[in-house]
Amino acid sequence: AAACKPKNPRPADRLPAICREDCGEDSYYVYEGNGCWALGVADGVGGWTSLGVDPSLFAWDLMNCCQEVSSSMDQATSAIDPERVLAEGYRRVVDEGRVEAGSSTACIVAVDKAQGIMRTTNLGDSGAIVVPPILPFHIPFRTTDLQHYFNAPYQLSVLPPAMRNDPTNIVDSPADAITEEFEGGLREGDVIVVGTDGVWDNLWEEEVRN
């Protein structure tokens, strides 16, 4: 299931074609194959608004490309590598040039259904947790955040030519992301929650579980 609540909702007929639905500055994708599935979230950096750039465009382009990569990878190898998904998805965003400017955080989750193996690749302050169905409450897995400093998460970017030589701009690489595996392995009843900082900055983990 997926849910979003934009701060300033836009009518469906005013959404750019690249946006599959109105998630504000955020975006997501879900891919389900025969033996594996993958999902991801991206949080468009709101600071671009002051420059006349819609922050959701880069975020949606990135997630749409990551979905395409996930599908191709599954069909070729029956497995999905979240690290490669993020790297290849970002490369497509840059090479295809649909978005002239923008940046976002990103979190990709891939699961092997048969073995219950979950791997994640996270860049920035979006992230994922595993919530088991049993008490007492505990979170056996949470992705690791990456921030340069307060309110400046790691992020992937496309910069217009005039901004590329400015050292104050944050330009990170998929290689900077942290890839992790849930060592305990997924079990029946476990719930994976993937969200942007709009979730993690406003809800305690206990509230997410409930």
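Residues numbered from 1 in each chain as written. Predicted model: local features only at pLDDT ≥ 70, side-chain atom pairs only at ≥ 80, totals over all residues. Heavy atoms only, no water.

### Observations concerning unusual backbone geometry
Excluding glycine, residues mostly carry a negative phi; peptide bonds, for their part, are mostly trans. Positive phi, normally seen in glycine, also occurs at S78, with a value near 60°. Within the fold, S78 resides in the loop between α1 (55–77) and α2 (82–96). Among the residues examined, S78 registers a relative accessible area of 56% and is labelled exposed. The phi angle at N151 is positive, at roughly 65°, despite the residue not being glycine. The topology assignment puts N151 in the loop between β7 (147–149) and β8 (152–153). (Helix = DSSP H or I, 4+ residues; strand = E, 2+ residues; numbered from the N terminus. Buried < 20%, exposed > 50% of the residue type's maximum accessible area, 1.4 Å probe, protein only.)

### With respect to the UniProt feature "domain: PPM-type phosphatase" (unreviewed entry) in the protein chain
Cross-referencing UniProt, the feature "domain: PPM-type phosphatase" (unreviewed entry) maps to residues 12–210 in the present numbering. With 24% helix and 29% strand, the stretch residues 12–210 has end C-alpha atoms that lie 31 Å from each other. (UniProt positions renumbered as here; feature names shortened; annotations may be inferred.)

### Digging into the nonpolar core
With 43 residues, the main nonpolar core has Y29, F58, L62, M63, I80, V85 and V109 as its most contacted residues. Residue assignment for this core shows that the elements contributing at least two residues are β1 (26–32), β2 (36–44), α1, α2, β3 (102–112), β4 (117–123), β5 (127–131) and β9 (156–158). In this structure, V85 is in contact with Y29, C66, V69, S70, M73, I80 and I108, ignoring residues within four places of it in sequence. Counting five residues, the second largest nonpolar core, distinct from the first, contains I129, V131, W200 and V208. (Core = buried A, V, L, I, M, F, W, Y, C linked by side-chain atoms within 4.5 Å. Contact = heavy atoms within 4.5 Å.)

### What about the pattern of salt bridges?
Inspection of the entire model under this criterion finds eleven salt bridges. Between R91 and D95 there is a salt bridge; the shortest N-O distance is 2.5 Å. Highlighted residues: R91 and D95, both in helix α2, separated by four residues, approximately one helical turn. Residue R142 is joined to E205 by a salt bridge in which the shortest nitrogen-to-oxygen separation is 2.8 Å. One end of the pair, R142, is in strand β6 (residues 141–142); the other, E205, is in helix α4 (residues 205–209), and 63 residues separate them in sequence. Put simply, E68, E88, R91, R92 and D95 are held in one network by salt bridges that share partners. (Salt bridge = Lys/Arg side-chain N within 4 Å of Asp/Glu carboxyl O.)

### Let's talk about the packing of aromatic side chains
Throughout the structure, instances matching the rule amount to two aromatic pairs. Ring geometry for F141 versus F182: centroids 5.8 Å apart, planes at 45°, classification tilted. Pair noted here: F141 is in strand β6 and F182 is in the loop between β10 (178–181) and β11 (191–195), with a separation of 41 residues, a long-range link. Over the aromatic face of Y28 sits the side chain of R20, whose NZ or CZ is 5.4 Å from the ring centroid. (Phe/Tyr/Trp six-rings, centres within 6.5 Å; stacked < 30°, edge-to-face > 60°. Lys NZ or Arg CZ within 6 Å of the ring centre and 35° of its normal.)

### A short note on the packing of α1 against α2
Contact geometry for α1 and α2: axes closest at 8 Å, N-to-C directions at 125°. Relative to α2, α1 is oriented oblique. The interaxial crossing formed by α1 with α2 has right-handed handedness. Of the residues in α2, those in contact with F58, D61, L62, C65, C66, E68, V69, S70, S72 and M73 of α1 are R84, V85, L86, E88, G89, Y90, R92, V93 and E96. (Axes fitted to C-alpha atoms, helices over the stretch in contact; angles between N-to-C directions. Parallel < 35°, antiparallel > 145°, perpendicular 65-115°, else oblique. Left-handed = near helix turned anticlockwise from the far one by under 90°.)

### Points about the sheet that holds β5
If you trace the three strands from one edge of the open sheet to the other, you get β6-β5-β11, paired in antiparallel fashion. Strand pairing shows two members of the sheet lacking a second neighbour, β6 and β11, which therefore form its edges. The pairing of β5 with β11 spans five bridges and is antiparallel. Along β11, the bridge assignment pairs V130 with I192. (Pairing = 2+ DSSP bridges.)

### Here we look at the environment of G124
Examined against the element boundaries, G124 turns out to sit in the loop between β4 and β5. Overall, the relative accessible area of 0% leaves G124 in the buried class. Sequence separation of G124 and H148 is 24 residues, and the distance between their C-alpha atoms is 9.0 Å. Not counting residues within four places of it along the chain, the set of residues in contact with G124 comprises T105, T144, D145, L146, P153 and Y154.

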